[in-house]
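Residue strings, one per chain:
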Amino acid sequence: DAPAPALQRTRGRASVVLGGGVATALKGLAQAGSAKAFLPRSHSPDPEVVFLNTAGGLTGGDRLTYALELGPGGRATATTQTAERAYRAAGDVAQMEVRLSAGAGAELHWLPQETILFDGAALARRTEARLAGDAALLMCEMLTLGRAAMGEEVTRLSLCDRRAVFRDGRPVHLEPLAIGAADLA
């Protein structure tokens with residue numbers, strides 16, 4: 001038997017740096033591969049950062065990183081344009097990393113759309129927020145097991161999902177979650 005052909009994998013990284021102060025403004029933007037970030041015009045004085053995976057989802061072997069740095073006194077909301085999708089994996093694990101940081105007196109909201117896990121998905125995601133002593137963070141991440149309206153059922157899954165929040169370098173919230181096929185029975 002011939003070895004299976006190497007599959008093309010998605011790689012993406014988007015990084016946004018926002019200055020702080022009264023008028024939080026864009027100071028840096030880097031994008032590579034399938035990861036994009038944009039700041040739509042807002043009716044609010046506080047910017048909104050929208051991250052996007054142009055590949056349309058993740059599967060085994062894909063790598064995706066989003067990063068947002070908010071300067072001292074800044075205020076911003078970050079989200080994703082659409083739900084992230086983790087599709088059936090053929091052997092390898094998709095890796096997703098979200099890195100957030102907020103300087104002194106900053107207020108950061110991380111409110112992405114849900115992550116939809118399809119049958120056979122294999123995903124390792126780590127969300128890490130590093131806060132200065134008096135920075136504020138509102139963070140909400142949601143997981144959905146398939147799409148019930150489409151009649152989908154998830155019976156096989158490998159998920160390792162970790163959230164960590166550090167204040168002045170010390171952990172204040174550690175939330176590991178692992179879901180496997182045995183948990184779905």
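All chains use their own residue numbering, which begins from 1 and follows the written sequence. Note on the predicted model: pLDDT of at least 70 is required for a residue's local features to be given, and 80 or more for side-chain atom pairs to be given and counted; whole-chain, interface and lining totals, by contrast, use all residues. Side-chain measures here rest on the full set of heavy atoms in the structure, leaving out hydrogens and waters.

Right, let's get into the overall build of the protein chain. Here a strand is any run of E in DSSP of at least two residues, a helix any run of H or I of at least four, and the numbering for each starts at the N terminus. Counting secondary structure elements, the protein chain contains one helix and 15 strands. Only the C-alpha atoms count toward the radius of gyration. The rule for a globule is 2.2 Å times the residue count to the power 0.38. Taking 185 residues into account, the globule formula puts the C-alpha radius of gyration at 16 Å, and the protein chain, at 18 Å, falls close to it. Overall, the C-alpha framework of the protein chain stretches about 60 × 35 × 30 Å when taken along its three principal axes. Sorting the 185 residues of the protein chain into buried and exposed places 42% on the buried side. Whether a residue is buried, partly exposed or exposed follows from its accessible area with a 1.4 Å probe, protein chains only, as a fraction of its type maximum: under 20%, in between, or over 50%, in that order.

Our next topic: the sheet that holds strand β14 (residues 157-167). Paired strands are those between which DSSP finds at least two bridges. The strand order across the open sheet built from seven strands is β2-β1-β5-β8-β11-β14-β15, with neighbouring strands paired in mixed fashion. The outermost strands of the open sheet, each flanked by one partner alone, are β2 (26-33) and β15 (170-179). Shown here is a sheet whose adjacent strand axes are inclined to one another by a mean of 5°, direction ignored. The pairing of strand β11 (residues 121-131) with β14 spans eleven bridges and is parallel. Paired with Ala 121 across the bridge in β14 is Leu 157. In this analysis, axes come from line fits to C-alpha atoms, helices being fitted only over the stretch in contact, and the angle between any two N-to-C directions falls in the range 0 to 180 degrees.

The next point concerns the sheet that holds strand β12 (residues 136-139). With mixed pairing, the five strands of this open sheet are ordered in space as β3-β4-β6-β9-β12. Of all strands in the sheet, those bounded by a partner on one side alone are β3 (35-38) and β12. Here the average twist between neighbouring strands, direction ignored, is 15°. Note: β3 against strand β4 (residues 48-53), four bridges, orientation antiparallel. Its bridge partner being in β4, Ala 35 is matched across the sheet by Asn 53.

Counting residues in hydrophobic clusters, the biggest one holds 35 residues, and the most contacted among them are Phe 51, Tyr 66, Leu 68 and Leu 123. No other element matches the five residues that strand β8 (residues 94-102) contributes to this core. In plain words, nonpolar cores are sets of buried Ala, Val, Leu, Ile, Met, Phe, Trp, Tyr and Cys residues tied together by side-chain atoms within 4.5 Å.

Looking now at the state of the cysteines. By convention in this document, the label disulfide applies to cysteine sulfur atom pairs within 2.5 Å. On inspection of all chains with the given rule, the structure shows zero disulfides. Cys 160 provides the cysteine sulfur closest to Cys 140, a residue in no disulfide bond, and the two sulfurs are 19 Å apart. A relative accessible area of 35% means that Cys 140 is categorised as partly exposed. Cys 160 gets classed as partly exposed once you look at its relative accessible area, which sits at 27%.

Bringing the pattern of salt bridges into the picture now. Each salt bridge in this description consists of a side-chain nitrogen of Lys or Arg and a carboxyl oxygen of Asp or Glu lying within 4 Å of one another. Summed over all chains, the structure comprises 13 salt bridges. Salt-bridge contacts for Glu 141 lead to Arg 125; the nearest nitrogen and oxygen are separated by 3.9 Å. Of the two residues, Glu 141 sits in the loop between β12 and β13 (143-145) while Arg 125 sits in strand β11, which places them 16 residues apart along the sequence. Close ionic contact of Arg 130 with Glu 128 constitutes a salt bridge, the shortest N to O distance being 2.9 Å.

This part covers the pairing of β4. Counting buried positions along β4 gives five out of six residues, so the element sits mostly inside the fold. As defined by bridge partners, β4 adjoins strand β6 (residues 75-80) across four bridges and the pair is classed as parallel. Paired with Val 50 across the strands is Thr 79, a residue of β6.

Once that is clear, we can look at a nonpolar patch on the surface. Residues form patches when they are more than 30% accessible in relative terms and have no salt bridge. Like charges link within 9 Å. Nonpolar side chains (Val, Leu, Ile, Met, Phe, Trp, Tyr) link within 5 Å. In short, Shrake-Rupley with a 1.4 Å probe defines the accessible areas, and a residue's cover is counted only from the protein chains shown. On the surface, Leu 26, Leu 29 and Leu 39 cluster together into a nonpolar patch covering about 240 Å² of accessible area. Relative to the assigned elements, Leu 29 resides in strand β2.

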